[in-house]
Amino acid sequence: MGTKTQEHEWVGRSNALTKLRGGAFKYACLGTALFGIVTLLVLLAYVTLDAIELQEAEPIWFAILGVTFVLPVALFGWYVWGTPAADVAKTSVGGVLLAAGLGGFFIVAFTIITPHVWAAYVVFAVFPAIAAVRYGDRLPAIDGSGPAVMATVTLGAIVATVFLEPITAIFAMAKPWLLYLLTLAIPTATALIWWSRTREDRAATIAAAATVGGTIALGLLVEVGVLETGGAPIVFLIGFVLPATIVLAHGYRRGPEARAGLLALPTLVGGVVALVAVAWAQGVPMPNSWIRPEFYLEGPSRTPENAGLYPPIVGSVFMLIVMVVAVFPLGVGAAIYLEEYAPNNRLTRLIRINLTNLAGVPSVVYGLLGLAIIARHFGLGRGTVITAGLTVGLLVLPIVIIASQEAIRSVPDSVREASYGMGASRWQTTREVVLPEAFPGILTGTILALGRAIGETAPLIMIGASTSVSSAPTELFGNATAMPLQIFSWQSRVQPDFRYGVVAAGVITLLVILLGMNAAAIILRNRLEKR
Amino acid sequence: MSDNHQTTTDAQTPTGDDSDPIVNVSRSLEDLSKEATTRTTSRSDRTLIETRDLDVYYGDERAISSVDVEIPERQVTALIGPSGCGKSTFLRCINRMNDRIDVCRVEGQVEFDGKNVYDEDVDPVALRREIGIVFQQPNPFPKSIYDNVAFGLRVQGLDDEVDERVHRALERAALLEEIEGRLDESGLELSGGQQQRLCIARAIATDPDVILMDEPASALDPIATSRIEDLIDELSEEYTVVIVTHNMQQAARISDKTAVFLTGGELVEFDDTDKIFENPEHQRVEDYITGKFG
């Protein structure tokens, strides 16, 4: 059969099926998508130009830029294109940039949180909780460790807060670097070793040893008087050097072929250094960019040239810390309850449905809630860091819950059944099987929600946060402003340089931080789920 | 597993689907009874699990109606019957896995060692430590092979001699040789048959009294199936095994007792396997096992 030639309706173009409408629909969709993306890109390009004042640079500067930076980078890109090295180049540059962001966050965070306060909370809340997770099963009650963890965390946090003064007074007797060693370096190293034990990764063990060793070395440098304070270098070591080294080592171990990708970072950095050096040698002025180191180190000023973003950055980071502490346990806890424990009755169905509504409530309404309840009723103060953090935290709580719920729901039921069938309790199943599987999704959802939170402006205005504060907040009840608020306040200044230059620089900074957080979320998800 | 074995062992082809023609080709009673008599049945006759007047409902729908079964200790009891006849439901009643289903309601008694497991004072978590279960789809945890087997030990607080117990369980599940030196690899990287043996190893590591198996071989190829069957035969020396299967020959080969469920969740006949396959009392049972319906 099949030898005779026959006219089939399904061969060639037939009039029976017209593809006109489908095709029109496809291109209409493409058009709308392109319109949105192009509009955004044009706006971003415009703002970037404003921020770095590229249009005022001299032509010779562009020539130098081309020779010292663009050409080498392009050549390098062409060389590695399509090879495994390209992948390593991307991950090493991206990873080191993210590590820089993390390191910056750490350094700002640890200027707010003194080593004594940090140690107080770690010793009283975190260590007992870890002990409860590790040894809770030895308790006589079968379901012992679940409530034990909750209890130790809550109790420890309360004890640490109530007795903060005497505790910090006791801890103040120890050297800060010693506190960092015990509460930051050794836990980080332990986590690394634990990680490597489960994943056969000897490099992680070396990194752990280097972390502890490096911290001790920095501490000794303080002791002999070479360094004035050990705090910032230690935080820098753990927040930036360690993750950056892990990223680079990971790239190195991809094999000799891929190793060339590690040169991406030196090419970029060397390009910038060469650009500055050649421009300086030739007497060509750099463009009068608004994005410059002083912009991130100084406070607000009456003159655009001296205006800086430092207090709002600290304020945003501080609020972020409050949010993470308040929202992460609440959100994940609520999601675990709703997915794993809640009976399927009318009340829980109502809660589940309305979480979506809560996530959609306008942020101004949350601002009003924060003003009425958190600031006034609980008396935490108008415009304070804690009020701002809790209010915006409340705003993103439903998002965290929904994201965590989805992550928990995506864990196949068959592994839950397996766990229950082994005689595991519900808490053991949740802890050993469900949470490890759902963790990447929970983490991603939380980071994305926090990204949304640091861009929020309306609730901060509602709770009476100042649009501009002269110095960075140092305590929970201090007045603070956030990056978007500060940008908003610059926008209303008379001087055009504020409205064009400084605002643009602020917007670019905010966007870079946001994109960095989103990128981190995506990278984390991809890495953790690939296992 | 390779496909070329498939043709040589067609008779054993496992199936998760009742309508599979290979299983349901009409066959004579003699063929089946020959397989059934090859098993020795001279073991302890003490009854370990006994159900009395067991009814299970999903909402208003009755899945099992008044089932009385006496499952003997250290023997293999097979539950056979067409799809939707309540075999799995019955199996999952024994260690209260059905508790997880909101709409499921159990009436009557399931006595394990003389104690009704549905009594108020029974903790299902503790019960499941005595009655392990292996599911139809291999479902190892996304952890290393070692951690998969050690999981039950850790959740049950059996912290001593974990290494020995893990190795012994893997050896008893006939898996140790194949995976020697690969204990740190993920359990998900094993083949389907190995995964199922890992699940069995996981179930026996904590040394339960009873192992429930819900069609443990139906997702596996013939070679893997015969390994699992050999394993079940060995396990019955020490454990009470209750196995749900769609595969009549499998029931005839490996079980000492057979319970035949037919549509409507009704237990039609429960007797020694030889008896069921040689000379069933009910015409419906004979029709079912010879492939006239189902």
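Notes on the overall build of chain B
Okay, step 1: Scanning chain B for helices and strands turns up 13 helices and ten strands.
Okay, step 2: Pairs at least 24 residues apart make up 71% of the contacts formed inside chain B by residues separated by at least 6 positions.
Okay, step 3: For chain B, the exposed surface amounts to about 12000 Å²; the carbon and sulfur share of it is 43%.

Notes on the domain arrangement of chain A
One frequently used descriptor of interface size is the decrease in accessible area upon assembly of the parts.
Okay, step 1: Along its sequence, chain A is organised into domain 1 (29-56), domain 2 (60-286) and domain 3 (304-530).
Okay, step 2: Each of domain 1 of chain A and domain 2 of chain A has a C-alpha centre, and the two are 34 Å apart.

Examining the interface of chain A and chain B
Okay, step 1: Contacts between the two partners involve 22 residues from chain A, matched on the other side by 25 residues from chain B.
Okay, step 2: Together chain A and chain B conceal approximately 2000 Å² of surface at their shared face, both sides included; 55% is due to carbon and sulfur atoms.
Okay, step 3: For chain A, the biggest contributors to the area lost against chain B are Glu417(A), Met422(A) and Glu432(A); these three give 32% of the whole.
Okay, step 4: Joining chain A to chain B, the criterion identifies four salt bridges.
Okay, step 5: Here Glu417(A) and Arg100(B) are joined by a salt bridge, their closest N and O atoms 3.5 Å apart.
Okay, step 6: Counting the contacts that link chain A with chain B gives eight residue pairs in polar contact (both at pLDDT 80 or more).
Okay, step 7: Among the elements of the structure, helix H17 (413-421) and helix H18 (426-454) of chain A are those that each provide at least two residues to the side of chain A that touches chain B.
Okay, step 8: Looking at which element gives the most residues to the side of chain A that touches chain B, the answer is H17(A), with nine residues.

Quick notes on the nonpolar core
Okay, step 1: With 75 residues, the main nonpolar core has Met319(A), Met323(A), Ile408(A), Leu460(A), Trp490(A), Val502(A) and Phe151(B) as its most contacted residues.
Okay, step 2: When residues of this core are assigned to their parent elements, the largest contribution, 14 residues, is made by helix H13 (residues 310-341) of chain A.
Okay, step 3: Among the domains, domain 2 (60-286) and domain 3 (304-530) of chain A are the pair contributing at least three residues each to this core.
Okay, step 4: Among all residues touching Met319(A), those that are not within four sequence positions of it are Val385(A), Ala388(A), Gly389(A), Leu460(A), Ala480(A), Thr481(A) and Ala482(A).
Okay, step 5: The next biggest cluster of nonpolar side chains, apart from the first, holds 49 residues, and it includes Leu190(B), Ile204(B), Met248(B) and Ala251(B).

What to know about the pairing of strand E3 (residues 76-80) of chain B
Residue and element names in this part refer to chain B.
Okay, step 1: Here E3 lies mainly inside the structure; five of its five residues are buried.
Okay, step 2: Burial along E3 is two-sided: the residues Val-76, Ala-78 and Ile-80 and Thr-77 and Leu-79 are all buried.
Okay, step 3: Bridge count between E3 and strand E8 (residues 240-244): four bridges; the pairing is parallel. When the bridges of E8 are listed, Thr-77 appears paired with Val-242.
Okay, step 4: As paired elements, E3 and strand E9 (residues 257-262) share four bridges and run parallel to each other. Paired with Leu-79 across the strands is Ala-259, a residue of E9.

Analysis parameters
- Counting of residues starts from 1 at the beginning of each chain's written sequence and follows it residue by residue.
- Each chain is given a letter, starting from A, and each ligand a number, starting from 1, according to the order in which they appear as written.
- Only residues with pLDDT of at least 70 are given local features in this predicted model, and only at 80 or more are side-chain atom pairs given and counted; all residues enter the totals for whole chains, interfaces and linings.
- Think of the side-chain values as coming from all heavy atoms in the structure, minus any hydrogens and water.
- Think of it this way: any DSSP run of H or I at least four residues long counts as a helix, any run of E at least two long counts as a strand, and we number them from the N terminus.
- Contacts are residue-level and defined by heavy atoms, with any inter-residue pair within 4.5 Å sufficient.
- For the accessible areas, the method is Shrake-Rupley and the probe is 1.4 Å, while residue cover comes only from the protein chains on display.
- Bear in mind that the domain bounds are from an automatic or database domain assignment.
- Here's the idea: put two parts together, see how much 1.4 Å probe accessible area each one loses, and the total over both is what we call buried area.
- Put simply, a salt bridge is a Lys or Arg side-chain nitrogen that is within 4 Å of an Asp or Glu carboxyl oxygen.
- Here a polar contact is taken to be a pair of N or O atoms separated by no more than 3.5 Å, where protein atoms must pair a possible hydrogen donor with a possible acceptor and residues adjacent in sequence count only if both atoms sit in side chains.
- Side-chain atoms within 4.5 Å link the members of a nonpolar core, which is a set of buried Ala, Val, Leu, Ile, Met, Phe, Trp, Tyr and Cys residues.
- For each residue, the accessible area found with a 1.4 Å probe, counting protein chains only, is set against the maximum for its type, and the residue is called buried under 20%, exposed over 50%, and partly exposed in between.
- Criterion used throughout: strands pair if DSSP finds at least two bridges between them.

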